Protein chains: 2
Amino acid sequence: MPKLELDAISQTNATGYPPPFDAAVEGRWYRRLAPAAGLTLMGATHVTLAPGAYSSQRHWHRGQDELVVMIAGHAVLIDDSGETPVGPGDVLVFPAGEANGHHLHNRSDAPCVFVAVSAGSREADSGEYSDIDMVFGPEGYARKDGTPYPTQRLP
Amino acid sequence: MPKLELDAISQTNATGYPPPFDAAVEGRWYRRLAPAAGLTLMGATHVTLAPGAYSSQRHWHRGQDELVVMIAGHAVLIDDSGETPVGPGDVLVFPAGEANGHHLHNRSDAPCVFVAVSAGSREADSGEYSDIDMVFGPEGYARKDGTPYPTQRLP
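Computed from a predicted model, the values in this text were never measured in an experiment.

Reading the values: rules and limits
- Residues numbered from 1 in each chain as written.
- Chains lettered and ligands numbered in written order.
- Predicted model: local features only at pLDDT ≥ 70, side-chain atom pairs only at ≥ 80, totals over all residues.
- Heavy atoms only, no water.
- Pairing = 2+ DSSP bridges.
- Helix = DSSP H or I, 4+ residues; strand = E, 2+ residues; numbered from the N terminus.
- Axes fitted to C-alpha atoms, helices over the stretch in contact; angles between N-to-C directions.
- Least-squares fit on C-alpha atoms with pLDDT ≥ 70 in both.
- Contact = heavy atoms within 4.5 Å.
- Polar contact = N/O pair within 3.5 Å; in protein donor to acceptor, adjacent residues only side chain to side chain.
- Salt bridge = Lys/Arg side-chain N within 4 Å of Asp/Glu carboxyl O.
- Buried < 20%, exposed > 50% of the residue type's maximum accessible area, 1.4 Å probe, protein only.
- Phe/Tyr/Trp six-rings, centres within 6.5 Å; stacked < 30°, edge-to-face > 60°.
- Buried area = accessible area lost by both parts, 1.4 Å probe.
- Nonpolar A, V, L, I, M, F, W, Y, C, P; charged D, E, K, R; others polar.

**Some points on the sheet that holds strand β12 (residues 140-142) of chain B**
All names here are of chain B.
Line of reasoning, step 1. On the basis of which strands lie adjacent, the open sheet formed by 4 strands has the order β3-β10-β11-β12 and antiparallel pairing. On the outer flanks of this sheet lie β3 (59-61) and β12, each paired with one strand and no other. For this sheet, the mean angle separating the axes of adjacent strands, direction not counted, is 20°.

**What about the relation of the copies chain A and chain B?**
Line of reasoning, step 1. When chain A is fitted onto chain B, the two copies agree to an RMSD of 0.0 Å after a turn of 180° and an axial shift of 0.0 Å. Read as a symmetry element, the transformation amounts to a two-fold axis.
Line of reasoning, step 2. A share of 100% of interface residues in chain A that are also interface residues in chain B marks the association as one of identical surfaces.

**Considerations on the environment of R107(B)**
Residues and elements named next belong to chain B.
Line of reasoning, step 1. In this fold, R107 is placed in the loop between β8 (103-105) and β9 (112-120).
Line of reasoning, step 2. C-alpha separation for the pair R107 and Y54, spaced 53 residues apart in sequence, amounts to 9.1 Å.
Line of reasoning, step 3. Ignoring any residue separated from it by four or fewer positions in sequence, one finds R107 in contact with V76, I78 and E83.
Line of reasoning, step 4. Within the structure, R107 has its side chain in polar contact with the side chain of E83 (distance 2.9 Å).
Line of reasoning, step 5. A polar contact is formed between the side chain of R107 and the side chain of H105, at a distance of 3.0 Å.

**What about the pattern of salt bridges?**
Line of reasoning, step 1. Applying the stated criterion to the full structure yields 13 salt bridges over all chains.
Line of reasoning, step 2. Taking the shortest distance from any N to any O, the salt bridge between D131(B) and R58(B) comes out at 3.0 Å. Here the residue D131(B) occupies a position in the loop between β10 (127-129) and β11 (135-137), and R58(B) occupies one in the loop between β2 (43-49) and β3, the gap between them amounting to 73 residues.
Line of reasoning, step 3. Residue classification places R58(B) among the buried residues on the basis of a relative accessible area of 11%.
Line of reasoning, step 4. Put simply, E83(B) and R107(B) hold a salt bridge, and the shortest N to O gap is 2.9 Å. You can see E83(B) sitting in strand β6 (residues 82-86) and its partner R107(B) sitting in the loop between β8 and β9, a full 24 residues away along the chain.
Line of reasoning, step 5. R107(B) sits in the partly exposed class, given a relative accessible area of 45%.
Line of reasoning, step 6. The network of salt bridges with common partners includes R58(A), D80(A) and D131(A).

**Notes on the packing of aromatic side chains**
Line of reasoning, step 1. Inspection of the entire model under this criterion finds 10 aromatic pairs over all chains.
Line of reasoning, step 2. Measuring from ring centre to ring centre gives 6.4 Å for Y129(B) and Y141(B), while their planes differ by 55°; the resulting arrangement is tilted. Here Y141(B) lies in strand β12 and Y129(B) lies in strand β10, a separation of 12 residues in the sequence. Across this residue pair, the class does not change: Y129(B) and Y141(B) are buried.
Line of reasoning, step 3. Taken together, Y17(A), Y129(A), F136(A) and Y141(A) form an aromatic cluster joined through their ring pairs.

**Considering the interface of chain A and chain B**
Line of reasoning, step 1. If you look at the interface, chain A gives 41 residues, while chain B gives 41 residues.
Line of reasoning, step 2. Buried area between chain A and chain B, summed over both chains or domains, comes out near 3,000 Å², and the portion from carbon and sulfur atoms is 75%.
Line of reasoning, step 3. Seen at the junction of chain A and chain B, the total is 2 salt bridges.
Line of reasoning, step 4. Between chain A and chain B we count 12 residue pairs in polar contact (both at pLDDT 80 or more) in total.
Line of reasoning, step 5. Sorting elements by how many residues they give to the side of chain A that touches chain B places strand β4 (residues 64-72) of chain A first, with 6 residues.
Line of reasoning, step 6. Residues belonging to the side of chain A that touches chain B are distributed by class as follows: 25 nonpolar, 11 polar and 5 charged.

**Brief notes about the pairing of strand β6 (residues 82-86) of chain A**
Line of reasoning, step 1. Sheet topology note: the strand β5 (residues 75-79) of chain A/β6(A) ladder contains 5 bridges and is antiparallel. Its bridge partner lying in β6(A), A75(A) is registered against V86(A).

Right, dumping it as structure tokens:
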């Protein structure tokens, strides 16, 4: 069925981030749409950020384009250029290889909802986190000196 | 700038459909986001359907996943399973190779707005139109017997 029954797709706030980096995304509740929907050429996630939650640690991807469509509620986009309020109907784009770490922070008192879509090879992807001592790649999470973290990236 | 200034991106209702198939999308006004935003691994289009307009002729893709996020207004999704009302916050998915022709029809008296994202090889893509004597592929538009139409697909 092309119109997704979002409520029928399981929601989780799981993260592979090692502590203490996991705390920022505890209020990030998401549904993986691509496997539920049979999409194989893109990733797609439906995300609800509780008040106070971040969408991720601030990061960028070498190998994947990302696009976010804001559906409901309000958040602040934080990237290298500063802070930008975003709300329903806004479209945010993060081209592969642009080393501009970004994330969303829900500073409102209501949930905010968006869909994030990615394309490119997830397996070959890598990237960096702007504000913390962490990078990611095919092997998982590591410090910037290459020392692995003990947690696994989630699929 | 990750948050797109949508009003600054040129909008068009151009189509490569040969007549008389072009009439259905005369009220489809769209902005190509990917080239404007530097995305190279996905296609992305911001679409406003005037009352009465269709998103496309009913079609499906062999080589591209498609995902639509409804932002504002209401439309009817038409596919092989029938008609489904869609509105803000709905997410529609069309996996590559699923031969289920689909399009949206704005039957309301207000515009409807959505973002459509695609991934996969556009150059190698092909597909079919469900309700008319037309197919598409790397060479462009043709009748189902292979006779080319004189118009070109738009990039």
